Every structure is written in C-alpha cells, then in structure tokens.
Amino acid sequence: MFKIPVLALSAALIMLTGQSVYADAEQRRQAKRIHDRLTGTPPSEVILSEMETRLIDDPTGKSAAEKALEDPAFYNVTLKNFAAPWTNEEQTVFTPLNDYTATVIGMIRDDIDFREVLSGDIIYTGNNSPDYNNSNNAHYEALENLGPEIANLADDNVLTQKIQSEVTLLDTTATAGVMTTRAAARAFFYKGTNRAMFRFTLMNHLCTDLEPLKDNSRIPDRVHRDVTRSPGGDSRIYLNSCVGCHAGMDGFMGAYANYELEFDEVDDVVTENTAHLIYTPGTVQGKFLINENNFKPGHETIDDSWINYWRNGQNALLGWSNGYPGLTLDEKGHAIGNGAKSMGRELANSEAFAQCQVKKVFKNVCLREPGNTADRTEANKIVTDFKAGNYKMKQVFRDVAAYCKGN
Ligand code: HEC
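Numbering of residues starts from 1 in every chain and runs along the sequence as written. In view of the model being predicted, local features appear only for residues whose pLDDT reaches at least 70, and side-chain atom pairs are presented and counted only at 80 or more, with totals across whole chains, interfaces and linings using the full set of residues. The side-chain figures draw on all heavy atoms in the structure; neither hydrogens nor water molecules are used.

Turning to the site of the ligand, a few remarks are in order. By convention in these notes, a residue is near a molecule or strand provided one of its non-hydrogen atoms lies within 4 Å of it. In the vicinity of the ligand lie 18 residues, with Arg195, Asp226, Cys242, Cys245 and His246 positioned nearest. We define a polar contact as two N or O atoms separated by no more than 3.5 Å, with the added condition that, inside protein, one atom must be a possible hydrogen donor and the other a possible acceptor, whereas residues neighbouring each other in sequence contribute only through side-chain atom pairs. Taking His246, its side chain carries an N or O atom lying 2.9 Å from a nitrogen atom of the ligand. By the criteria applied, helices consist of DSSP H or I runs no shorter than four residues and strands consist of E runs no shorter than two, each listed in order from the N terminus. For the shell around the ligand, the secondary-structure elements that each account for two or more residues are helix 10 (195–205) and helix 11 (235–253). A per-element tally of the shell around the ligand places helix 11 first, with 6 residues. Split into classes, the residues belonging to the shell around the ligand amount to 8 nonpolar, 5 polar and 5 charged. Polarity classes work like this: nonpolar for Ala, Val, Leu, Ile, Met, Phe, Trp, Tyr, Cys and Pro, charged for Asp, Glu, Lys and Arg, and polar for all others, with Gly in that last group.

The tendency in soluble globular proteins is for nonpolar side chains to be buried side by side. Buried Ala, Val, Leu, Ile, Met, Phe, Trp, Tyr and Cys residues form a nonpolar core when they are joined through side-chain atoms within 4.5 Å. Exposure is judged per residue with a 1.4 Å probe applied to protein chains only, and the accessible area is read against the type maximum: over 50% gives exposed, under 20% gives buried, and values in between give partly exposed. Within the largest apolar cluster, 100 residues are counted, with the highest numbers of intra-cluster contacts made by Leu38, Phe114, Phe198, Tyr256 and Phe397. In what follows, a contact means two residues having at least one pair of non-hydrogen atoms within 4.5 Å. Filtering out sequence-adjacent residues up to four positions away, Leu38 remains in contact with Ala65, Ala68, Leu69, Phe74, Thr78, Val365, Phe397 and Ala401. In this structure, Val223, Tyr238, Cys242 and Val243 belong to the second largest nonpolar core, which totals 6 residues.

Right, let's get into the pattern of salt bridges. Each salt bridge in this description consists of a side-chain nitrogen of Lys or Arg and a carboxyl oxygen of Asp or Glu lying within 4 Å of one another. Tallied over the entire structure, the rule returns 27 salt bridges. Note that Glu70 is salt-bridged to Lys67, the shortest N-O span being 3.0 Å. Owing to a relative accessible area of 15%, Lys67 belongs among the buried residues under this scheme. The salt bridge partner of Lys381 is Asp385, with a shortest N-O separation of 3.1 Å. Residue Lys381 and its partner Asp385 are located together in helix 14 (residues 373–388), separated by 4 residues, close to a single helical turn. On the basis of relative accessibility, which here comes to 44%, the residue Lys381 falls in the partly exposed class.

Metal donors were taken as nitrogen, oxygen and sulfur atoms no farther than 2.8 Å from the ion, or 3.2 Å where the ion is Na, K or Ca. Water is excluded, so coordination may look unfinished. You will see that the iron atom of the ligand has only one donor from the protein, His246 (NE2), lying 2.0 Å away. Its place among the elements puts His246 in helix 11.

So, on to the side chain of His35. Within the secondary structure, His35 sits in helix 2 (residues 23–39). On the accessibility criterion, His35 (2% relative accessible area) is buried. Of the polar contacts made by the side chain of His35, one reaches the side chain of Asp71; its length is 3.3 Å. With residues near it in sequence (within four places) discarded, His35 still touches Gly40, Thr41, Pro42, Pro43, Ile47, Met51, Ala68 and Asp71.

Another point: helix 13 (residues 351–366). Side chains of residues three or four places apart in an α-helix project in the same direction, reflecting 3.6 residues per turn. What a helix should span is 1.5 Å times the count of its residues minus one. Here helix 13 is 16 residues long and its end C-alpha atoms lie 22 Å apart, about the 22 Å a rise of 1.5 Å per residue gives. Those residues of helix 13 that fall on the buried side of the exposure criterion are Ala352, Phe353, Ala354, Cys356, Gln357, Val358, Lys360, Val361, Phe362, Val365 and Cys366.

In many reports, interface size means the accessible area that the parts give up when they come together. Domain annotation for the protein reports domain 1 (3–60), domain 2 (75–174), domain 3 (207–349) and domain 4 (353–403). For domain 3 versus domain 4, the distance between C-alpha centres works out to 30 Å. Start and end points for every domain follow an automatic or database-based domain assignment.

We call a pair of cysteine sulfur atoms a disulfide whenever their separation is within 2.5 Å. The final tally for this structure, using the stated rule, is 2 disulfides. With its sulfur 2.0 Å from that of its partner, Cys207 forms a disulfide with Cys356. A torsion of 75 degrees about the S-S bond marks the disulfide between Cys207 and Cys356 as right-handed. Placement of the pair is Cys207 in the loop between helix 10 and helix 11 and Cys356 in helix 13, with a sequence separation of 149 residues. Covalent S-S linkage joins Cys366 and Cys404, the inter-sulfur distance amounting to 1.9 Å. Between Cys366 and Cys404, the S-S dihedral sits near 100 degrees, and the bridge is therefore right-handed. Pair noted here: Cys366 is in helix 13 and Cys404 is in the segment after helix 15 (393–403), with a separation of 38 residues, a long-range link. Comparing Cys366 with Cys404, the two get one shared label, buried. Sequence-ordered numbering of the disulfide-bonded cysteines in the protein gives the connectivity 1-2, 3-4.

Right under this line is the structure:
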C-alpha cells in the first residue's frame, strides 16, 4: 500500500533532479543484504555505514562484502552451517562441530588453496580441553559449547591450523584432507565397503551423485567381486545398470583399501560413537573382500591402486585436469595412482570441483541455484577467478554476495 506512492514520488524526484535522491537508500539496502546473507545477522549502525560508503566507492559490492566477511558470525555461524551437512550421511546441519567442519572453517578463514580439502595433511583444532582425541568428538563439542563469545572461530588463537598427521598420528602419506578426519571416517568408512566415502565426496565436492555419471561403456575390469554379474539371474541388468556406476566407481575404490573405522571398547562395551580411523599400509581391509563369492572372477583388491576410467567417455565432461603436480596417466589417458591423497588431488583438480564450490556458495548466499543466463554467466566468471586466484573460498563468498546484493 505504501510502496506505490513512495515509488511514484521518487520517480518524480528523479525526473525533477536528474538523479535519484534515494541512491543512498539503495546502497543501504544492498549493504544490509550483503551483511545478512554472509553472516545471518544484521550489521551494527557503524558497520552498515562503512559498508554503504564502500558501496558508493565500489558499486560492484566486493569491497562492502569484504567488510562483512570480517564479522565473526561468518565463521561461527555461516561457515559452520555450510560445512556441517557434508559430515554425515543424513546431510543434516544439526550435528555438532567436528574435525571435518572445523577444518573447512579454518581453511576458508586462512585462504588455504581449497583443493587441499581432499588431499592435504591439514586439520584445525581448538585451544580448549579436552584435547583432540582420535576416538571421539568431545574436543569439538566442548569448543562449540563454549560459544562464540569465548571461543570465536574467527580467531586463529582459538581455532588453529595443525599438521593432521601430527595430531592424529596417521602416516603423512595416508592423510587426505577432510576424507581422513575422524568425522568423515565415522560417517563414511562406517561398515559397508568404503564406497560411501567416495559417493559422499562426489556429492559434497563435485556436486553430483552417481546416477548422472552412469556410463556402462567403461572398462569393467575393476568391478569388485561383491557385485553380482546377474542380479536376479539376469545379466542384462548388470550390463545396463550395475556396471554403469561400478565400472568407474570401483576403479577409484582402491584408494581407500587400507582404511577402516575401528570401534573402541569403553568399559568393556564396543560403542559406535567411540571409534577411530585406522590405516594399514600394505594390507587391504577385510571389507574389500566381503561377498566375494557373488562373482569370483571379479576384481580382487590387492593394493591401494586406483584408476580414473571416467577421463574417457561421457564423464570427461567433469573436466579432469591435465596439468597438476603428481598427475600420472596410463597409455589410454586414464589417471592412475595409489592411495586417497593422490585420488583426492585428481578429484579436486577437476573443473567440476571448482564449479561445485561456487555452486554451493551461490546456493548458500543467494538462496537459490544459479538459474537464468545472467546467473550462470556470473557463476562461470567466479569459477574462473576462483581458479586464477589459487582457490580461495572467501573470494567466492565475496564475489557471490556482491552479485546477489539486489538493487
Ligand atoms: C547409481 C549408481 C549405482 C548403480 C546403478 C549400482 N550401484 Fe551398487 N553401489 C553404488 C554405491 C554408491 C554403493 C555404496 C553404497 C554405500 O555404501 O553407501 C554401492 C554398493 C554396492 C554393493 C555393496 C553393498 C554393501 O554392502 O555396502 C554391492 C554388492 C552393489 N553395490 C551391487 C550392485 C548391483 C548388483 C547393482 C545392479 C543391480 C548395482 N550395485 C548398481 C552405486 C551403484
């Protein structure tokens, strides 16, 4: 009811004066929107006017967004909720702070090349007691319970970068960023065949599940023995469906051959919430051999080697990199390697990885997927800048918030 007369009045004033007397109102709105979207909280009057001034000097909104990124709530609220759903199979945000989430928050805060998230010997811990424990999450729950007034995750004296292998005592070669955090192990190396780690890594960091990647023309020689070749007595189902995922996926699976989640005994009881990651170099975990009688001539995992069959065929569209350090290709152009670290590098250097980070931030900040042509053009530009700028996630948040500032 009020909108029409106000707009009409402002239009009249623009006609009279040749410029909008509401220009500052526009920048104020944009400043407020940028701040709300990045931090979940309204800005103080002081911050709001500083952001307004920055919007006048730099109408792209990037400088104003940088101001909002200084707010501790960006770390304590926005980033925590951004990463939390990646750390459990239910993909819920209602899960306590853990080593996976804390590491993502810290890496973004400290502008670490985000590709390291799948391969780095890196972890973030708090300055609180109890200390980090391989077997439970008590350290992070205590940190979170202190609350941001006392334990502000924006402060690097509170949340501190550490060498993962020094904190967890895992071999440094066995570390693979968040994949070898306790939280990821608890969620995705739990029972099963370790394929869940691969599936959720794809969903969380390449923004795709397996279904769209089904390609039954890939070389099936790595499909494990547990996958029956004639489900329900019908080999056509295997050839048309099962192999579509398992040829490519099982090719990667050797990377996780030496990892397992081991349950601890507490007071003589084995509990699932007190479990730790184990790594057994040279010894393939028993879970890789379960149900081997389903198809005895199938692939037997004998070491931690992996191969990326998706470099050829339709999934070349994921945009595999031909030029990162450590990349090894076989004679057919498939990337090959040993262990989770090199496999993490293969995934994180793909175009799909870079696009996925931008897509996730876009959804988080703009509250929608990049939809129309303008959105997609801008998202592509932000991906290009993200890669050119050494994969700094804060830059992505800045650029996306600036784009979605409204008018
Ligand atoms: C859309 C991709 C896809 C297709 C198609 C598919 N699988 Fe799988 N399969 C997976 C994934 C992902 C997992 C790991 C699931 C998990 O542990 O979360 C899996 C796990 C398995 C497992 C191990 C189960 C366990 O105990 O963890 C077997 C056996 C298996 N699949 C057989 C088959 C057979 C037989 C078919 C065809 C009828 C088939 N799969 C089709 C993706 C697929």
